[in-house]
Amino acid sequence: MHFMIKDNLYRNDYFSHIYKILINFLSIIILIIFINECINFIKSDLIYLIIQSISDAYLQVSVFVAVVLIIFYGAETVFGIDLSKKLQRGGIWQVPAASALGSLPGCGGALLVITQFTTGNLSFGSVVAVLTSTMGDAAFLLIASEPKTGVLIMIIGFSVGLISGWIVDYTHPKGFLLPQRNKLAKIQNKKIEIKNIFRSFWIWLLIPGFIIGILMAFQIEVNKMLNNSHINNPATLIGFIGGSLAIALHIIASKGYIYRKTSLNGGNAINRTILDTNFVTFWVVVAFLAFEISIFYTAFDLKALFNGMSILTPFIAVLIGFIPGCGPQIIVTSIYLLGIIPLSAQIGNAISNDGDALFPVLAIAPKVGLIATFYSAVPAIIISYGYLFFFE
């Protein structure tokens, strides 16, 4: 009798799971058809341009970023190591460890190093190393779109961060700018919970989106392949819905503070992947729209503009790197991927930008943040202009 009850419960759970899958699938199909009818009703070139930009951002960038993130965060969870304790006991290896953590995609490693510095456990050279080597969330975008370039910049970032950190520690007195006491306010933020319905929709859209993204990468006309009498341009429609959902979820999770990275309170690997992908998607769409709408209204060639001032482009990219947060840096990377700025400018921005790691430094020890940022600008200008003159 006991086994029969258990078997019935298992069957009920199984059918309940299948039922949820079918409901989600049908909901997405109905949503696609509904949005398709709305788009057909609206006759506007600007609206079509916006839809196409959001769709391109999702299918060409976001789906690949999501896959990279789930692999990265999943591996981090499976092979979890207490990096804080290892950093504290690092000794002369603190700078290499800080530089390595900074060169990893995302801001997690850099934030960990900054936290340890504010507690008095790391040298100022470690701060310079991590802020120089980190590229923030823009690294995910670059690795997903151009893996070889992404790895190259990670190696450059690590090497430059390592050398810079060692030079700073060697030329500055021990304990330079080290906080006298722990000023770090540990804010207990509530974990951001993503409702199951939105998470299910997000994952269900990612699966076909990733497949479409791969086909598009091989120059296959997916819209023509999937075109039918009921839905016009189905691939574009899936991309638009996926991108719009990502943008909406980021605005909700950040509570309107769109520059805020929300995955630090995201919980498990899936939630963090969703939150980070949404964040990247938002800023990539901003870059795409800024580019496309500027051409739509003015008909000027942004690429030609930068080509005309190519000698200043790396310097401008380095200056943008001084802006705290990952949003502006994602825009720079998006512009690079669009072919508007050269790799030298991307390298300069990658070295000079500090991602989200600069926020806690400026809040706790603004002098440390400003000096470390200034120090990171020197190698950024040298390396970017060196690459420009010798390789471009």
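Residues numbered from 1 in each chain as written. Predicted model: local features only at pLDDT ≥ 70, side-chain atom pairs only at ≥ 80, totals over all residues. Heavy atoms only, no water.

A.B. asks: Please give an account of the overall build of the chain that cites residues and values.
C.D. replies: When you go through the chain residue by residue, the secondary structure sums to 18 helices and 0 strands. Sorting the 392 residues of the chain into buried and exposed places 47% on the buried side. In the chain, the share of contacts with a sequence separation of at least 24, taken over all contacts with a separation of at least 6, comes to 82%. (Helix = DSSP H or I, 4+ residues; strand = E, 2+ residues; numbered from the N terminus. Buried < 20%, exposed > 50% of the residue type's maximum accessible area, 1.4 Å probe, protein only. Contact = heavy atoms within 4.5 Å.)

A.B. asks: Provide a residue-level description of the packing of aromatic side chains, including the pertinent values.
C.D. replies: By the definition in use, this model includes 5 aromatic pairs. Ring centres of Phe-64 and Phe-210 lie 5.7 Å apart, and the angle between their planes is 65°; on these two criteria the pair is classed as edge-to-face. One end of the pair, Phe-64, is in helix 2 (residues 45-78); the other, Phe-210, is in helix 9 (residues 196-217), with 146 residues separating them in the sequence. Overall, the relative accessible area of 25% leaves Phe-210 in the partly exposed class. Aromatic pair Phe-124 and Tyr-375: ring centres 6.0 Å apart, planes at 70°, arrangement edge-to-face. With Phe-124 in helix 6 (residues 124-133) and Tyr-375 in helix 18 (residues 366-391), the pair connects residues that are 251 residues apart, well separated along the chain. The exposure class of Phe-124 is buried, given its relative accessible area of 3%. Aromatic ring contacts, followed pair by pair, group Phe-124, Phe-374 and Tyr-375 into a single cluster. (Phe/Tyr/Trp six-rings, centres within 6.5 Å; stacked < 30°, edge-to-face > 60°.)

A.B. asks: Let's hear about the confidence of the model for the chain: which residues, and what values?
C.D. replies: Of all residues in the chain, 69% have pLDDT values of 70 or greater, and the mean over the chain is 76. Summarising per-element confidence for the chain, the mean pLDDT is lowest in helix 1 (residues 2-41) (55) and highest in helix 16 (residues 343-352) (93). Low pLDDT, under 50, characterises residues 181-190; the stretch is placed with 10 contacts to residues that sit more than four places away or in other chains. (pLDDT = per-residue confidence, 0-100.)

A.B. asks: I'd love a proper account of the nonpolar core, names of residues and values included.
C.D. replies: If you look at the biggest cluster of nonpolar residues, it comprises 64 residues, and the most contacted ones within it are Trp-202, Val-284 and Ile-330. One finds Ala-110, Val-113, Ile-114 and Phe-117 within the second-largest nonpolar core, a separate group that totals 17 residues. (Core = buried A, V, L, I, M, F, W, Y, C linked by side-chain atoms within 4.5 Å.)

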